[in-house]
Amino acid sequence: MPAIVLIGAQWGDEGKGKATDLLGDQVQWVVRYQGGNNAGHTVVLPDGQNFALKLIPSGILTEGVTNVIGNGVVVDPGALLDELRGLEEKGVDTSRLLLSADAHLIMPYHIAIDKVTERYLGSRKIGTTGRGIGPCYQDKVARVGVRVQDLLDEKILRQKVESALEVKNQILVKVYNRKALDPAQVADEVLAQGEQFAKRIADTRLELNKALEAGETMLLEGSQGTLLDVDHGTYPFVTSSNPTSGGASAGSGIGPGRISAVLGILKAYTTRVGSGPFPTELTDEMGEHLRKVGGEVGVNTGRDRRTGWFDAVIARYATRVNGITDYFLTKLDVLSGLESVPICVGYEVDGFHTEDMPMTQTDVHHAVPVYEQLPGWWEDISECRRFEDLPKNAQAYVHRIEELSGAQVSAIGVGPGRDQTITRHDIIR
Ligand code: IMP
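Treat the numbers as computed from the prediction; the structure is a model and nothing was measured.

1. Considerations on the site of the ligand
Then comes step 1: In the vicinity of the ligand lie 16 residues, with D13, N38, T129, T239 and R303 positioned nearest.
Then comes step 2: With respect to the ligand, the side chain of D13 contributes an N or O atom lying 3.1 Å from a nitrogen atom.
Then comes step 3: For the ligand, the protein covers 96% of the area, taking 470 Å² as the surface of the free molecule.
Then comes step 4: A class-by-class count of the residues in the shell around the ligand yields six nonpolar, eight polar and two charged.

2. Some points on the packing of aromatic side chains
Then comes step 1: In the structure shown here, the tally under the stated rule is three aromatic pairs.
Then comes step 2: Ring centres of W11 and F278 lie 5.2 Å apart, and the angle between their planes is 50°; on these two criteria the pair is classed as tilted. One end of the pair, W11, is in the loop between strand 1 (3-8) and helix 1 (16-23); the other, F278, is in the loop between strand 12 (270-272) and helix 9 (285-293), and 267 residues separate them in sequence. For the pair shown, W11 and F278 are each scored as buried.
Then comes step 3: If you follow R424 out to its NZ or CZ, it ends over the ring of F387, 4.0 Å from the centre.

3. Points about the sheet that holds strand 5 (residues 66-69)
Then comes step 1: Taking strand neighbours across the sheet as the criterion, the 10 strands line up as 9-7-5-2-10-1-11-15-19-20 in an open arrangement whose pairing is mixed. Two strands in the sheet have a free side with no partner beyond their single neighbour: strand 9 (201-202) and strand 20 (421-423).
Then comes step 2: Bridge count between strand 5 and strand 7 (residues 97-100): three bridges; the pairing is parallel. Across the sheet, residue I69 finds its bridge partner in strand 7, namely L99.
Then comes step 3: With respect to the sheet, helix 10 (residues 312-322) is in contact with strand 1, strand 11 (259-267) and strand 15 (326-330), its orientation differing from that of strand 15 by roughly 140°.
Then comes step 4: Set on the sheet, helix 12 (residues 392-405) makes contact with strand 11, strand 15 and strand 19 (408-413); between it and strand 19 the angle comes to about 140°.

4. Some remarks on the pattern of salt bridges
Then comes step 1: Taken as a whole, this structure holds 22 salt bridges when the rule is applied.
Then comes step 2: Between R158 and D188 there is a salt bridge; the shortest N-O distance is 2.6 Å. In this pair, R158 sits in helix 5 (residues 154-175) while D188 sits in helix 6 (residues 183-197), placing the two residues 30 residues apart along the sequence.
Then comes step 3: A relative accessible area of 27% places R158 in the partly exposed class.
Then comes step 4: Relative accessible area serves as the criterion here: at 40%, D188 is assigned to the partly exposed category.
Then comes step 5: Between R400 and E403 there is a salt bridge, with the nearest N and O atoms lying 2.6 Å from each other. With R400 and E403 both in helix 12, this residue pair falls three residues apart, about one helical turn.
Then comes step 6: Look at R400 and you get partly exposed, because its relative accessible area is 22%.

5. Focus: the layout of surface pockets
Leftover empty space is mapped by rolling, across the atoms, a probe with the size of a water molecule.
Then comes step 1: The computed volume of the second largest pocket comes to approximately 230 Å³.
Then comes step 2: Surrounding the second largest pocket, I111, K115, E118, R119, K125, G127, T128, T129, G130, R131 and R303 form its lining.
Then comes step 3: The residue inventory of the lining of the second largest pocket, partitioned by class, reads one nonpolar, four polar and six charged.

6. Topic: the packing of helix 3 (residues 108-121) against helix 5
Then comes step 1: The interhelical angle for the contact between helix 3 and helix 5, taken along N-to-C directions, is 25°, at an axis separation of 11 Å. On the basis of the axis angle, helix 3 is roughly parallel to helix 5. The two elements helix 3 and helix 5 meet at a crossing, and its hand is left-handed. In this structure, helix 3 contributes Y109, A112, I113 and V116 to the contact, and helix 5 contributes A164, L165, K168 and L172.
Then comes step 2: Grouping the amino acids of the contact of helix 3 with helix 5 by side-chain chemistry returns seven nonpolar, no polar and one charged.

7. Side note on the nonpolar core
Then comes step 1: The biggest cluster of nonpolar side chains holds 54 residues, and the ones touching the most others in it are Y327, L332, L335, I343, L390, Y397 and I412.
Then comes step 2: Sorting elements by how many residues they give to this core places helix 12 first, with five residues.
Then comes step 3: In this structure, I343 is in contact with F310, A312, V370, Y371, E372, L374, Y397, R400, I401 and L404, ignoring residues within four places of it in sequence.
Then comes step 4: Ranked by size, the runner-up nonpolar core spans 35 residues in total, among them L53, I69, L80 and V190.

The rules behind the values
- Residues numbered from 1 in each chain as written.
- Predicted model: local features only at pLDDT ≥ 70, side-chain atom pairs only at ≥ 80, totals over all residues.
- Heavy atoms only, no water.
- Near = heavy atom within 4 Å.
- Polar contact = N/O pair within 3.5 Å; in protein donor to acceptor, adjacent residues only side chain to side chain.
- Areas by Shrake-Rupley, 256 points an atom, 1.4 Å probe, with all protein chains shown as cover.
- Nonpolar A, V, L, I, M, F, W, Y, C, P; charged D, E, K, R; others polar.
- Phe/Tyr/Trp six-rings, centres within 6.5 Å; stacked < 30°, edge-to-face > 60°.
- Helix = DSSP H or I, 4+ residues; strand = E, 2+ residues; numbered from the N terminus.
- Buried < 20%, exposed > 50% of the residue type's maximum accessible area, 1.4 Å probe, protein only.
- Lys NZ or Arg CZ within 6 Å of the ring centre and 35° of its normal.
- Pairing = 2+ DSSP bridges.
- Contact = heavy atoms within 4.5 Å.
- Axes fitted to C-alpha atoms, helices over the stretch in contact; angles between N-to-C directions.
- Salt bridge = Lys/Arg side-chain N within 4 Å of Asp/Glu carboxyl O.
- 1 Å grid on protein atoms, 1.4 Å probe; cavity = no way out; pocket = protein on both sides within 12 Å on 5 of 7 lines; lining within 4 Å.
- Points joined across faces, edges and corners; volume = space filled by probe spheres on them.
- Parallel < 35°, antiparallel > 145°, perpendicular 65-115°, else oblique.
- Left-handed = near helix turned anticlockwise from the far one by under 90°.
- Core = buried A, V, L, I, M, F, W, Y, C linked by side-chain atoms within 4.5 Å.

Following this line, the structure appears as structure tokens:
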């Protein structure tokens, strides 16, 4: 039975939490396969309760769904416990959360190094979330990481922390002029945290494959977005993992042939947090308007998001890189009340015209958007529940996005609420 991948088609914050929550009714499993608590998923329930999820899959809010933090995720134990506590205080049943024994742990020294590195880089900084994500993935690849399963073997965990800190302390003290961390104290803290979620540690690769063999349906929930992918994004202004659909298999342990659909989440305009190129960015009043009406402030970091017009070059790129079969177009309501709505259909780069993502990062930095103007609409569309109910110009905007991106728009978000969605085609088929 199918595994569906859900992936951000732009720079993250496209509204993935809402899409996961929506599909949660039709799936038995929701799986995170990369990233960590750098993500921020806002979900609004029918009773108006607002949840900001960072590490835990959005399916935790749907009864009967088993949630998995897969092997490709990096886990900050303190952040995990805080999030569990927050959910439990709101009456959410968190018993259906499993944690891969192979996931890597974000250690206190990863967070310290993330922060000091950014400070050191100054104007060249990535604009990371400061959660230790990059340094943790660095250790994973360097084969000196600490994994969730190490929490079950105190001796091994202490050894690993000690040898990691032999090097990290040199960096913290000699390069960045910070205080050294005490290995025993770090290990004590992490072991005490681990005890509190030990019962959730599982061979999630086995559990997921057994579930697929039993005919169950699962959603593999990507964090961040296509252009923040370490391979396919706007490097070096990216995160340190693979949010694109290819990462879903590696980060969960299921075969790629199990994936039957890839749902891209696409905001009706564009936003980005942190540094890096953004061809359609608006730094004028219109950018401020989109930020205000769209509530474009980071869920996780509280930073203002940069805003800009819809970029079809990015959408077409995302369709190809991820093999997107369907789009969920979010926040269409934010564009109501504009005289005309521009769509970027290509770039001019040093005198050349292209409709595809430039090969080099230098060209992406130099790309000047070429716009097509579409007529706007004035009506409030937040109560529309069928495509035919949308104003003709809003329908035309959606049709044009389908043409330019090369994939069908199967769902449209017209407001933050769970019910404020127009469904055009079944995604799970
Ligand atoms: P890191 O993932 O904390 O290392 O940050 C790397 C880049 O990814 C920075 O530009 C962050 O702002 C961005 N980023 C990380 N997570 C998210 C997210 O969930 N939404 C949007 N941007 C993100």
